[in-house]
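Single-letter residue listing:
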Amino acid sequence: MEGPSMFEKNQALSVIQLDFQGINPPSEPCVMLIFGASGDLTRRLLVPALYNLACDRLLNDNFAVLGTAQDPLTTEQFRERLSNDIEQFHTRETFDQAVWERLVKRFHYLPGDLNELSVFLQLKAEVAKLDARFQTQGNVLFYLATAPRFFGKICDNLDDSGFKEGSGWKHIIVEKPFGTDLNSAIELNKEILSRWDEDHIYRVDHYLGKETVQNLLAFRFSNGIFEPLWNKHYIDNIQFNVAEAVAVEERGEYYDRSGVLRDMIQSHMFQMLAYLCMETPVSLDPDDIRDEKAKLLQSVRIYTPEEAARYVVRGQYGPQLDDKGNVVKPGYRQEKNVDPQSNTETYAATRIHIDNWRWEGVPIYLRSGKALWKRGTEIVVEFKKAASAPFCTTNRRQLGSNRLIFHIQPHQGIEIHFYAKAPGPRLQLQPVNMSFGYGETFKASRYTGYEIMVYSCTHGDATLFSRGDLVEAGWRIAQPIIDHWAMTPAPEFPNYERGSWGPKHATDLVQSENRQWHELVTEELFKRVAIFKDGSSLLLSQIRITLRAKQAAADDIIVKRGDIGREMYLLVRGEVEVTEDDSSVAKTLKAGDFFGEIALLLLTPRSATVRARTDCDLLVLDKSDFDRILCEHPEFAQGVAKVARERYHFGLCKTSLLGYKECKNRLTMSPEMRPACLWTESECAKN
Ligand code: BG6
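Remember, it's a predicted structure, so these values are computed and weren't measured experimentally.

Draft legend 1. Region of the structure containing the overall build of the chain. The number of helices and strands found in the chain is 23 helices and 27 strands. Burial status across the chain gives 54% buried among its 687 residues. Once local pairs closer than 6 in sequence are excluded, the contacts in the chain between residues at least 24 apart make up 77%. Summed over its atoms, the accessible surface of the chain is roughly 31,000 Å², and 52% of this surface lies on carbon and sulfur atoms.

The following block contains the structure:
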């Protein structure tokens, strides 16, 4: 029998495409009027987002863009500019010229001053023409990609020029920041809502456009296994971490008036907080979800000045220096358009209290900063430790807690840390992880986050946008902190080095509550640490979940001669000096080095003192974890032992010389007394 003809195949394909469109229908017809169309946001994010929608057949054929800004461009020049920019800013693996050609023909431009009503009258006439030409049913999406000071005026002018008239919907997308403090946000809401209804207004928070943030809802409310645990009875603490490797770059003028509390915490982080901690909404209707988010934010304790001082720390990055103390990259105060005496915070960490039945007493930690060691947004939900551990061979003290980790970006996925029995004759526990990665599960192109915002706005779906009361609730939490900081300048600024983990105060904040930040180690970091460089992926994945983060301030003693230590330190950043018995400095260690390894090998007192010469970021490997990892990876011990022998030339007791697997003593001695084997089996035989 003959196979299907090309025609039949195409028919079948179009049926499949039609089905697909049934699941995700294209955007609604509309003219999109972009204010600030010659600016950065348009070229870097909005236009690539429209291009992605077009590539994925999610953009309606009845669609046109009218851009406006002060720049005196013609439509042709506007298109030419965007055509150059898209090659740089598109997010797809390959660029589809044909799709772009079709899209760019829908872009138009009309220059003008946003304060002038006459300009709005011209815009209105132009929109009417495009509406007739592209059959957009009178629908208009206004995108306010301008500086916030224009928001109110644009909304007034849109009303005065008669944009409300006629058929079709009118939706206004307002970019962030929405206000600069509580009063200005209230004022702006008043101003906009005096002309337009809340239903017309879509306040953007681009974090809500991220797949992984939206997945927080799906995860919580579509999986029956987690919701029963989602409360103070089972969760010990929650950590939200938004680390940015980028510094302030060209944005000094805006940033110096903003700071991380306004720029990230009050907006993006509170949105994630609300999704993660809110009560179950009665439905997925936008207002049901937003009602629950608002209630959650209203339950966050508003700090007194004393509480703001106690529960919030701030930081500002200083320059990055090389070995000789030369500036490699400038500190915040040396950045372009930043006040050289600036008190603006580029880092903040806080512990917040949610005073409701579900979360009362559960510490919620938030931290974010610029110019840090990595780019990474994660949410770590740490569960309470097992109530009792009937594992006689496992030191109870070393059993950690289960963690659920949402990797928001750049890695996108979900991970669970739990304990499993390590292979072998005795019941030894080892932390392991289960992980789901978006990249391995779904075949989807990387989005900017703005696709879904534009798309859902055309459908009148406000789920992913903030509401007036939500924005104000966020500012209400941030305001006492802003006020407290305004009253108490930060004399210690700058207080963290560019490229570091942030200021040590942030570590102290959680340590004072007997907890610690979960620093999620990246592969990139392993590459910088000599003993891990060539480690197998199996070894590295085990080490990754056992390492514990620690910070030391300059002059802190990290290891003291004579003490019995049980851990080894990896120096991620900074410098330490090692002094032996005569108190002269025997050596200086730098980033990528490690020390204290003898404690992993033998239970002898520390033979040297190690002091931080500069502020240091460290990773700690505990002996118990090392012993466990050794069962599977004896080569790791040999690497550590080799360095130890070279450094200290020490002699080893006979039991230590036994081959690891054959070491009878290992099986019979108490865990406390077991020496790690430092030798390969052939070395052992020789000795
Ligand atoms: C913006 C902030 O809203 O979000 C920036 O103004 C920040 O300062 C950015 O860098 C972070 O967004 P993302 O998507 O890169 O995490």
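Draft legend 2. Structural detail: empty space enclosed by the protein. Taken as a whole and judged by the stated rule, the model has 4 cavities of 30 Å³ or more. In this structure, the largest cavity encloses a volume near 180 Å³. Taken together, 19 residues line the largest cavity, and the ones lying closest to its centre are Asp205, Gln266, Ser267, Ser466 and Val471. In terms of residues, the lining of the largest cavity owes the most to one element, helix H10 (residues 260-277), which gives 5 residues. For the lining of the largest cavity, the per-class residue count stands at 9 nonpolar, 5 polar and 5 charged. The space that makes up the second largest cavity amounts to roughly 110 Å³. Lining the second largest cavity are 13 residues, and of these Thr507, Trp517, Glu519, Ala549 and Gln551 sit closest to its centre. When contributions to the lining of the second largest cavity are tallied by element, the ones reaching two or more residues are helix H16 (504-511) and strand S20 (548-552). Here the residues of the lining of the second largest cavity are counted per class, giving 7 nonpolar, 3 polar and 3 charged.

Draft legend 3. Up close: the sheet that holds strand S24 (residues 585-590). Read across the open sheet, the 4 strands follow the order S21-S26-S23-S24; overall the sheet is antiparallel. Taken across any chain shown, the strands that pair with only one partner, and hence form the sheet edges, are strand S21 (557-559) and S24. Averaged over all adjacent pairs, the angle separating strand axes in this sheet is 30°, with direction ignored. Both strand S23 (residues 575-579) and S24 contribute to a ladder of 5 bridges, which runs antiparallel. When the bridges of S24 are listed, Glu577 appears paired with Thr588.

Draft legend 4. Here's a closer look at the site of the ligand. Taken together, the neighbourhood of the ligand is formed by Lys176, His206, Tyr207, Lys210, Glu244, Arg251, Asp263, Met264, His268, Lys370, Arg375 and Gln409. Take Asp263: an N or O atom from its side chain is 2.5 Å from an oxygen atom of the ligand. Note that an oxygen atom of the ligand is positioned 2.9 Å from one of the side-chain N or O atoms of Lys370. Look at the ligand: alone it shows 390 Å² of surface, and the protein chains cover 81% of it. When residues in the shell around the ligand are grouped by element, the largest group, 3 residues, is from H10. Its residues assigned to classes, the shell around the ligand comprises 2 nonpolar, 3 polar and 7 charged.

Draft legend 5. Seen up close, the layout of surface pockets. Put simply, the second largest pocket is a space of about 1,000 Å³. Around the second largest pocket sit 37 residues that line it, and Gly400, Arg403, Gln516, Arg548 and Asp622 are the ones nearest its centre. If one sorts the elements of the lining of the second largest pocket by residue count, helix H20 (residues 623-632) sits on top with 4 residues. Among the residues forming the lining of the second largest pocket, the class breakdown is 11 nonpolar, 10 polar and 16 charged.

Draft legend 6. Broad picture of the pattern of salt bridges. Within the structure shown, the criterion is met by 43 salt bridges. The residue Glu519 makes a salt bridge to Arg367 at a minimum N-O spacing of 3.2 Å. Taken as a pair, Glu519 in the loop between H16 and helix H17 (523-528) and Arg367 in strand S13 (residues 364-369) lie far apart in primary sequence, 152 residues in all. When sorted by exposure, Glu519 lands in the same class as Arg367, which is buried.

Draft legend 7. Structural context of the packing of aromatic side chains. Summed over all chains, the structure comprises 23 aromatic pairs. Geometrically, the ring pair formed by Phe35 and Phe120 is stacked, given 5.6 Å between the ring centres and 20° between the ring planes. Taken together, the positions of Phe35 in strand S1 (residues 30-35) and Phe120 in helix H5 (residues 117-134) put the pair 85 residues apart, joining distant regions of the chain. On the accessibility criterion, Phe35 (0% relative accessible area) is buried.

Draft legend 8. Molecular detail of the sheet that holds strand S22 (residues 567-573). If you walk across this open sheet you meet the 4 strands as S20-S27-S22-S25, and the pairing is antiparallel. With partners counted over all chains shown, the strands left at the sheet margins are S20 and strand S25 (594-595), one partner each. In the sheet, S22 pairs with strand S27 (residues 616-622) via 6 bridges, with the strands oriented antiparallel. In the sheet register, Leu570 faces S27, and the bridge partner there is Leu619. Sheet strands touched by H20: S22 and S27. Its angle to S27, the strand with the most contacts, is close to 60°.

Draft legend 9. Structural context of unusual backbone geometry. Of note, the bond from Lys176 into Pro177 is cis; its omega dihedral lies within 30 degrees of zero at 0°. Here Pro177 shows up in the loop between strand S5 (170-174) and helix H7 (182-193). Omega for the bond connecting Gln409 with Pro410 falls within 30 degrees of zero, at -5°, which places this linkage in the cis form. Mapped onto the elements of the fold, Pro410 is located in the loop between strand S15 (403-409) and strand S16 (413-422). Backbone geometry at Arg57 places phi at a positive 55°, although glycine is not the residue there. Judged by its relative accessible area of 46%, Arg57 falls in the partly exposed class.

What counts, and where the lines are drawn
Residues numbered from 1 in each chain as written. Predicted model: local features only at pLDDT ≥ 70, side-chain atom pairs only at ≥ 80, totals over all residues. Heavy atoms only, no water. Helix = DSSP H or I, 4+ residues; strand = E, 2+ residues; numbered from the N terminus. Buried < 20%, exposed > 50% of the residue type's maximum accessible area, 1.4 Å probe, protein only. Contact = heavy atoms within 4.5 Å. Areas by Shrake-Rupley, 256 points an atom, 1.4 Å probe, with all protein chains shown as cover. 1 Å grid on protein atoms, 1.4 Å probe; cavity = no way out; pocket = protein on both sides within 12 Å on 5 of 7 lines; lining within 4 Å. Points joined across faces, edges and corners; volume = space filled by probe spheres on them. Nonpolar A, V, L, I, M, F, W, Y, C, P; charged D, E, K, R; others polar. Pairing = 2+ DSSP bridges. Axes fitted to C-alpha atoms, helices over the stretch in contact; angles between N-to-C directions. Near = heavy atom within 4 Å. Polar contact = N/O pair within 3.5 Å; in protein donor to acceptor, adjacent residues only side chain to side chain. Salt bridge = Lys/Arg side-chain N within 4 Å of Asp/Glu carboxyl O. Phe/Tyr/Trp six-rings, centres within 6.5 Å; stacked < 30°, edge-to-face > 60°.

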